[in-house]
Amino acid sequence: MRTKIVAGNWKMNNDKKESKQLIKDLKKSIKAEKLENTRVIVAPTFVNLSSSIKAAKNSKIEVVAQNMHQAKNGAYTGEISANMLKAIGIKTVILGHSERRTYFNETDKGLAEKVDAVLENELETIFCFGELLEDRKSDHHFTVVKDQIANALFHLDKVAWKSIILAYEPVWAIGTGETASAEQAQEMHAFIRSIIEKKYNKEVADGVSILYGGSVKPANAEEIFSKPDVDGGLIGGAALNVADFTGIIKAI
Ligand code: PEP
């Protein structure tokens, strides 16, 4: 059975005190949930990772990073490497978020290098991708998504896929309040699984968790999560509010 995942990407929100408080509140609000075969993840900013890990101790909450640099070390002012994250207890890193691709010019090639650095450090990644509105309108969404996955991940061997979580996030649905319909999400997730099966095999395709991201809220989470190829969500705005995030976790 594939692992279900609800992951909250806090982006550049929450200072140290706020991060600790949100984790404390979340700990309390999900305490009664069974959460079998389900992971609950939060991604605070770099500077709050250590204190957040401490705050999440003895709970189901996993603390992950939002990004990293592909090099081990060197003259990359302002950057942080996989081994640095690993050294403070981080096990998972989000890569390829559309905001990174748009505002920080992340490319498929650079992301492939980041994925390699993740794997070299025995970490795991939540790898994000998704089409722009114009891609969907021009009916290119399947090609765009296929290229994003193939360019960054299809050089990996089968075993490496055990450390890959995919997050399909149509850019037109991120932070816009506009959600892909559950049918649109299912259609794309099934397509993603089919291209992985074609490249590797059914075992790899069936084993990878594919999250949907884009304006998921407690009100629409259940319908989206009910689809067979949707294994959870990557949540932005709603992850900043404990009641909303808990509602989404309950939906899974
Ligand atoms: C995201 O940033 O990954 C995201 C899905 O944001 P939101 O839930 O706010 O649309």
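Everything here concerns the structure above.
Now for a description of the structure that goes with this document.

1. A look at the site of the ligand
Lys 11, His 97, Glu 169, Gly 175 and Ser 215 are the nearest of the 13 residues found near the ligand. Between the ligand and Glu 169, the relevant distance is 2.6 Å, taken from an oxygen atom to a side-chain nitrogen or oxygen of the residue. Relative to its unbound accessible area of 290 Å², the ligand is 97% covered by the protein chains. Class assignment of the residues belonging to the shell around the ligand gives a composition of 4 nonpolar, 7 polar and 2 charged.

2. Quick word on the pattern of salt bridges
Taken as a whole and judged by the stated rule, the model has 16 salt bridges. Its salt-bridge partner being Lys 11, residue Glu 99 comes within 2.8 Å of it at the nearest N-O pair. Remark: Lys 11 occurs in the loop between β1 (4-9) and α1 (16-30) and Glu 99 occurs in helix α4 (residues 98-103); sequence separation between them is 88 residues. Here Glu 33 ties to Lys 250 by a salt bridge, and the two come within 3.9 Å at their closest N and O atoms.

3. Re the packing of aromatic side chains
Taken as a whole and judged by the stated rule, the model has 7 aromatic pairs. With centroids separated by 6.4 Å and ring planes inclined at 55 degrees, the aromatic side chains of Phe 154 and Trp 161 adopt a geometry described as tilted. For the residue pair Phe 154 and Trp 161, the accessibility class agrees, reading buried in each case. Taking 5.7 Å as the distance between ring centres and 80 degrees as the angle between the ring planes, the aromatic pair formed by Phe 154 and Tyr 200 counts as edge-to-face. Here the residue Phe 154 occupies a position in the loop between α7 (141-153) and β6 (164-168), and Tyr 200 occupies one in the loop between α8 (182-199) and α9 (202-207), the gap between them amounting to 46 residues. The two residues Phe 154 and Tyr 200 agree in class, both being buried. Ring pairs connect the aromatic residues Phe 127, Phe 129, Tyr 168 and Tyr 212, which therefore count as one cluster. Above the ring of Phe 104, the side-chain terminus of Arg 100 is found at 4.1 Å from the ring centroid.

Cut-offs and rules
Residues numbered from 1 in each chain as written. Predicted model: local features only at pLDDT ≥ 70, side-chain atom pairs only at ≥ 80, totals over all residues. Heavy atoms only, no water. Near = heavy atom within 4 Å. Polar contact = N/O pair within 3.5 Å; in protein donor to acceptor, adjacent residues only side chain to side chain. Areas by Shrake-Rupley, 256 points an atom, 1.4 Å probe, with all protein chains shown as cover. Nonpolar A, V, L, I, M, F, W, Y, C, P; charged D, E, K, R; others polar. Salt bridge = Lys/Arg side-chain N within 4 Å of Asp/Glu carboxyl O. Helix = DSSP H or I, 4+ residues; strand = E, 2+ residues; numbered from the N terminus. Phe/Tyr/Trp six-rings, centres within 6.5 Å; stacked < 30°, edge-to-face > 60°. Buried < 20%, exposed > 50% of the residue type's maximum accessible area, 1.4 Å probe, protein only. Lys NZ or Arg CZ within 6 Å of the ring centre and 35° of its normal.

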